[in-house]
Amino acid sequence: PFYYYLIDFFDFSVSHISSGFTQAHGVNPREIYTVNDILALVHPDDLSLVNNAEEGASAYMQSHVGWESIKSYKFSYNFRFRNATGAYDMYNHQSLVLTTDEHNNFVKALNIHTNISHLTSKNSYTFSIIGLNGLPSYLNLPIFDEGETESLGVNNFSRREIDIIKMIAEGIDTKQIADRLFISPETVKSHRKNIFR
């Protein structure tokens, strides 16, 4: 399922919600008035992700691309959304600023949400700024600082595996890792196999 809607940044109202909204969330679009009504469907643990992605994309756009080009770029990132059964699915969010005022502030934007749970249940914790009409794109930029992702449980490695990854990155061989961690080389090999898997 996918759907789209328009946001008016004057009052954060939502309009022109397409029919796929009901299929995706089990909610009648007539019950959705503002951005907050849509944010209420986001997984509670992903609200900071959405906030950081929006802030990160805006900051990157301002510092690396320039606000004057805002209508020529599409923003994209993933997060979990509540579905019609009350469970959560992974969704891709895309937004495109349609109109701005004389100071390049957002006036109206088109948002598109697509269920991608058939592709993945894991989040990449990145955002992309995609250039339209041949403009350059900026892909897979981190949403969180490295320390923040660990506290969110973003990486899927155990503390021991992280220690081993760091030593591998330093060029330390299996036997030396085993000696440093007071474990057998076979245990290190098992950890390496799990890491690569």
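Rules and cut-offs
- Residues numbered from 1 in each chain as written.
- Predicted model: local features only at pLDDT ≥ 70, side-chain atom pairs only at ≥ 80, totals over all residues.
- Heavy atoms only, no water.
- Pairing = 2+ DSSP bridges.
- Helix = DSSP H or I, 4+ residues; strand = E, 2+ residues; numbered from the N terminus.
- Axes fitted to C-alpha atoms, helices over the stretch in contact; angles between N-to-C directions.
- Contact = heavy atoms within 4.5 Å.
- Salt bridge = Lys/Arg side-chain N within 4 Å of Asp/Glu carboxyl O.
- Buried < 20%, exposed > 50% of the residue type's maximum accessible area, 1.4 Å probe, protein only.
- Expected span 1.5 Å × (residues − 1).
- Arc of directions from axis to C-beta.
- pLDDT = per-residue confidence, 0-100.

**Section: the sheet that holds strand β7 (residues 138–142)**
Step number 1: On the basis of which strands lie adjacent, the open sheet formed by 7 strands has the order β2-β1-β5-β4-β3-β6-β7 and antiparallel pairing. Looking at strand neighbours, the two that pair on one side only are β2 (13–15) and β7, the edges of this open sheet. The mean inter-strand angle of the sheet, taken between neighbouring strand axes irrespective of direction, is 30 degrees.
Step number 2: Pairing between strand β3 (residues 73–82) and strand β4 (residues 88–100): 9 bridges, direction antiparallel. By the bridge assignment for β4, Arg 82 is matched with Tyr 88.
Step number 3: Where helix α3 (residues 47–65) meets the sheet, its contacts fall on β3, β4, β6 (126–131) and β7, and the angle it forms with β3 comes to roughly 170 degrees.

**Things to note about the pattern of salt bridges**
Step number 1: Using the criterion set out here, one finds 4 salt bridges in the structure.
Step number 2: Residue Asp 8 is joined to Lys 108 by a salt bridge in which the shortest nitrogen-to-oxygen separation is 3.2 Å. Taken together, the residues span a long stretch of sequence, with Asp 8 in strand β1 (residues 2–8) and Lys 108 in strand β5 (residues 106–115) at a distance of 100 residues.
Step number 3: Among the residues examined, Lys 108 registers a relative accessible area of 34% and is labelled partly exposed.
Step number 4: Put simply, Glu 186 and Lys 189 hold a salt bridge, and the shortest N to O gap is 3.4 Å. Taken together, the residues span about one helical turn, with Glu 186 and Lys 189 both in helix α7 (residues 185–196) at a distance of 3 residues.
Step number 5: Residue class for Lys 189 comes out partly exposed when judged on its relative accessible area of 45%.

**Thoughts on α3**
Step number 1: Taking 1.5 Å of rise per residue, the 19 residues of α3 would be expected to cover 27 Å, and the 26 Å separating its terminal C-alpha atoms lies within 8% of that figure.
Step number 2: Residues of α3 that are buried: Leu 49, Val 50, Asn 52, Ala 53, Ala 57, Tyr 60, Met 61 and Val 65. Burial along α3 is one-sided: seen end-on, the buried residues are contained in an arc of 165 degrees. In α3, the exposed positions that point more than 90 degrees away from the buried face belong to Gln 62 and Ser 63.
Step number 3: Of the residues trailing α3, Gly 66 is marked for its positive phi of about 110 degrees.

**Points about the pairing of β6**
Step number 1: When you tally the buried positions in β6, you get 5 out of 6 residues, the bulk of the element.
Step number 2: Across 5 bridges, β3 lies against β6 in antiparallel orientation. Bridge pairing links Phe 75 to Ile 129 in β6.
Step number 3: The turn linking β6 back onto β7 is made up of 6 residues, and Asn 133 within it adopts a positive phi angle of 55 degrees.

**Quick look at the pairing of β3**
Step number 1: A large share of β3 lies buried, amounting to 7 of its 10 residues.
Step number 2: Hairpin connection of β3 to β4: 5 residues between the antiparallel strands, including Gly 86 at a positive phi of 95 degrees.

**Looking at the confidence of the model for the protein chain**
Step number 1: Scored by pLDDT, the protein chain has a mean of 90; 94% of the residues are at 70 or more.
Step number 2: Low confidence marks residues 150–154, where pLDDT is under 50. Its contacts with residues over four positions away, or in another chain, come to 5 contacts.

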